[in-house]
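Secondary and tertiary structure notes
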Amino acid sequence: MEPFTQNSLQTRVWVCRWVKILLPVLEMTLGRECVLPARQIRSAEEFFRAFPGVKDVFIDGTERPVQKPKNLRRRKKMYSGKKRQTTRKGLIMTDETRQIGFIPMSKNGRRHDKRLLDKVDIIRHIPPEVTIWADTGFQGIDKQHPNTQIPKKGTGFVE
């Protein structure tokens with residue numbers, strides 16, 4: 001029997017079966033439990049569960065290319081002018097040890113980083129003593145969180 005066929009439902013069934021079979025073997029080999037990052041953080045307690053003893057968190061947006069949809073409306077929604085292709089956009093939040101603690105659901109590539117961050121509403125759950133490091137795609141986050149570091153844009157002139 002061929003496990004992977006063109007039928008997407010059958011493919012998902014096989015993937016689920018293989019994960020159930022192989023995940024315990026992977027965890028036994030690594031000597032630790034494999035846990036996915038949180039999709040939602042609704043309180044400061046959940047934040048500290050995802051990031052125990054953290055002093056700094058780093059937030060960035062990322063785009064990954066996807067196959068172009070045949071439907072023109074969906075294609076326009078997924079088109080990213082920045083990458084000049086159809087993409088899905090997601091956010092990633094890590095700590096100083098580069099451990100990913102928060103990944104919300106990805107959205108169509110047309111969205112802006114700051115808009116995605118506002119939609120997941122995680123900033124209000126980050127305590128003020130934790131420093132947020134973000135790039136210039138998150139302009140305005142400093143008004144929501146008092147301890148934010150955003151780099152200043154350079155002039156491009158070097159002597």
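Our structure is the block above this text.
Residues numbered from 1 in each chain as written. Predicted model: local features only at pLDDT ≥ 70, side-chain atom pairs only at ≥ 80, totals over all residues. Heavy atoms only, no water.

Turning to the nonpolar core, a few remarks are in order. Counting residues in each nonpolar core, the largest one holds 20 residues, and the members touching the most others are F47, V57, M93, L117 and I123. Of all the secondary structure elements, the ones that give two or more residues to this core are β1 (56-65), β3 (85-95), α4 (113-120) and β6 (131-134). The residues touching M93, leaving out its near neighbours within four places in the chain, are F47, F51, V57, F58, I59, Q99, I100, G101, F102, I122 and I126. (Core = buried A, V, L, I, M, F, W, Y, C linked by side-chain atoms within 4.5 Å. Buried < 20%, exposed > 50% of the residue type's maximum accessible area, 1.4 Å probe, protein only. Helix = DSSP H or I, 4+ residues; strand = E, 2+ residues; numbered from the N terminus. Contact = heavy atoms within 4.5 Å.)

What follows concerns the packing of aromatic side chains. Geometry of an aromatic ring pair is reported as the spacing of the ring centres plus the angle between the planes. By the definition in use, this model includes 3 aromatic pairs. Measuring from ring centre to ring centre gives 5.2 Å for F47 and F51, while their planes differ by 40°; the resulting arrangement is tilted. One exposure class covers both F47 and F51, and it is buried. Seen from their ring centres, F58 and W133 are 6.3 Å apart, and the 25° between their planes marks the pair as stacked. Here F58 is found in strand β1, whereas its partner W133 is found in strand β6, with 75 residues between them in sequence. Take F58: its relative accessible area is 34%, and that puts it in the partly exposed class. The exposure class assigned to W133 is partly exposed, which follows from its relative accessible area of 37%. Aromatic rings pair up to connect F47, F48 and F51 into one cluster. (Phe/Tyr/Trp six-rings, centres within 6.5 Å; stacked < 30°, edge-to-face > 60°.)

What follows concerns unusual backbone geometry. Most of the time, phi is negative for any residue but glycine, and the peptide bond is trans. Residues other than glycine seldom take positive phi values, yet R98 does so here, at roughly 65°. Tracing the backbone shows R98 in the loop between β3 and β4 (100-102). By relative accessible area, R98 is classed as exposed at 74%. At D121, a position not held by glycine, the phi torsion is positive, near 55°.

Bringing the pairing of β3 into the picture now. Every other side chain in a regular strand lies on the same face of the sheet, so the side chains alternate between the two faces. A large share of β3 lies buried, amounting to 8 of its 11 residues. Pairing analysis gives 9 bridges linking β1 to β3, with the strands arranged antiparallel. Bridge pairing in β3 places I59 opposite M93. Here strand β2 (residues 79-80) runs beside β3; their pairing, made up of 2 bridges, is antiparallel. Bridge pairing in β3 places Y79 opposite T86. Taking the residues that link successive antiparallel strands as the turn, the β2-β3 hairpin has 4 residues, and the phi of R84 there is positive, at about 55°. Direction of pairing for β3 relative to strand β5 (residues 107-108): antiparallel, over a ladder of 2 bridges. Across the sheet, K89 pairs through a bridge with K107, a residue of β5. Here β3 folds back onto β4 in antiparallel fashion, the turn holding 4 residues, of which R98 has a positive phi close to 65°. (Pairing = 2+ DSSP bridges.)

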